[in-house]
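Letter by letter, the chains look like this.
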Amino acid sequence: PGKCPHACAWCYATRIAKQRSIPGYDQPAKLKPDYPWQRIDTIKKMHNCTVFMCSMYDIGAADNDDGDIRKILEWCNTAGEDIIFVFQTKDLENFSRFFDQLRDGWLVGTTVECYPEPEWYAKYCKAPRIIDRLNALEELSAKHDHLNFFVNVEPAFKFMPMQFGAGLASFNLKHISMGL
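Notes on the structure in this doc start here. The residue numbering used here restarts from 1 in each chain and proceeds along that chain's sequence as written. Only residues with pLDDT of at least 70 are given local features in this predicted model, and only at 80 or more are side-chain atom pairs given and counted; all residues enter the totals for whole chains, interfaces and linings. Neither water nor hydrogens contribute to the side-chain values; these are computed over all heavy atoms in the structure.

Turning to the environment of serine 141, a few remarks are in order. You can see serine 141 is positioned in helix α5 (residues 130-143). Sequence separation between serine 141 and asparagine 172 is 31 residues; the distance between their C-alpha atoms is 5.6 Å. What makes two residues a contact is simply this: any of their non-hydrogen atoms within 4.5 Å. Sequence-distant contacts of serine 141, defined by excluding residues within four places in its chain, comprise Ala136, Phe149 and Asn172. A distance of 3.2 Å separates the side chain of serine 141 from the backbone oxygen of glutamate 138, its partner in a polar contact. Numbering of helices and strands starts at the N terminus; helices are DSSP runs of H or I of at least 4 residues and strands are runs of E of at least 2. Pairing of N or O atoms within 3.5 Å defines a polar contact, subject to two protein rules: one partner must be a possible hydrogen donor and the other a possible acceptor, and residues neighboring in sequence count only if both atoms are side-chain atoms.

Right, let's get into the state of the cysteines. The disulfide criterion is simple: two cysteine sulfur atoms within 2.5 Å. Counted under the stated rule, the structure contains 0 disulfides. Cysteine 76 takes part in no disulfide bond, and the closest cysteine sulfur, belonging to cysteine 54, lies 7.4 Å away.

Right, let's get into unusual backbone geometry. Glycine aside, the phi torsion of most residues is negative, and most peptide linkages are trans. If you check the backbone angles, alanine 7 has positive phi at about 50 degrees while not being a glycine. With respect to the element layout, alanine 7 can be found in the segment before α1 (12-19). A positive phi angle is found at asparagine 48, which is not glycine, with a value near 50 degrees. Secondary-structure assignment places asparagine 48 in the loop between α1 and β1 (50-53).

As a further point, take the sheet that holds strand β3 (residues 107-111). Paired through their backbone hydrogen bonds, the strands of a sheet run either parallel or antiparallel. If you walk across this open sheet you meet the 5 strands as β1-β2-β3-β4-β5, and the pairing is parallel. Edge strands, defined here as strands with exactly one partner in the open sheet, are β1 and β5 (173-178). Averaged over all pairs of adjacent strands, the angle between their axes in this sheet comes to 25 degrees, without regard to strand direction. The strands touched by helix α2 (residues 66-77) are β1 and β2 (84-88); relative to β2, the strand with the most contacts, the crossing angle is about 160 degrees. Angles here are taken between N-to-C directions and fall from 0 to 180 degrees, while the axes themselves are lines fitted to C-alpha atoms, restricted in helices to the stretch in contact. Seen against the sheet, α5 touches β3, β4 (148-153) and β5 and runs at an angle of roughly 160 degrees to β4. Between any two strands, at least two bridges found by DSSP are needed for them to pair.

By definition, a salt bridge exists where a carboxyl oxygen of Asp or Glu is found within 4 Å of a side-chain nitrogen of Lys or Arg. For the coordinates displayed, the defined rule picks out 6 salt bridges. Of the charged contacts in the structure, one is a salt bridge between lysine 90 and glutamate 113, with a shortest N-O distance of 3.0 Å. Linking lysine 90 in the loop between β2 and α3 (92-95) with glutamate 113 in the loop between β3 and α4 (121-124), this pair joins segments that are 23 residues apart in sequence. Residue lysine 90 shares its accessibility class with glutamate 113, and that shared class is buried. The structure contains a network of salt bridges with shared partners spanning Lys90, Glu113 and Arg133. In this scheme, a residue with accessible area under 20% of its type's maximum is buried, one over 50% is exposed, and one in between is partly exposed, where area comes from a 1.4 Å probe on protein chains only.

Shape descriptors only; they carry no functional weight alone.
This is how it looks when you write it as structure tokens:
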């Protein structure tokens, strides 16, 4: 699928692509709305399950084509009512334009690697600033109560203060994932 536009030096998806010699991992990535969905249409027939969509790419990245995002969300909306889809993005603000297409109870979240953001961070990652992601998470989770919000703290750099975790308690979060 290609390289995520955020190009985080610690990205697991890039590491996996390199290990498995997946062609094109070093090229700019594109969402795959024309993916042969019939291969995974069996997901639509499942019951009471959770499906993490686009886990190897950021669906909310600003350079994604809106039409491609809509195609993916249309496919998700044809699944059973008891299937919960999970969307993780480092650009919640951009992805929030599509919240009206997400069903009640679906999970939307962001990744936070550390807090506060160290000076060197921008040198190794082109994603939106961590403070901007946290602000968007706080604001959007308060506004969109039909969705469930989460934060994925990974990799949790060891200089992350304990106060950060306590601060998350003020957010309207349904799930917190800690990669230790």
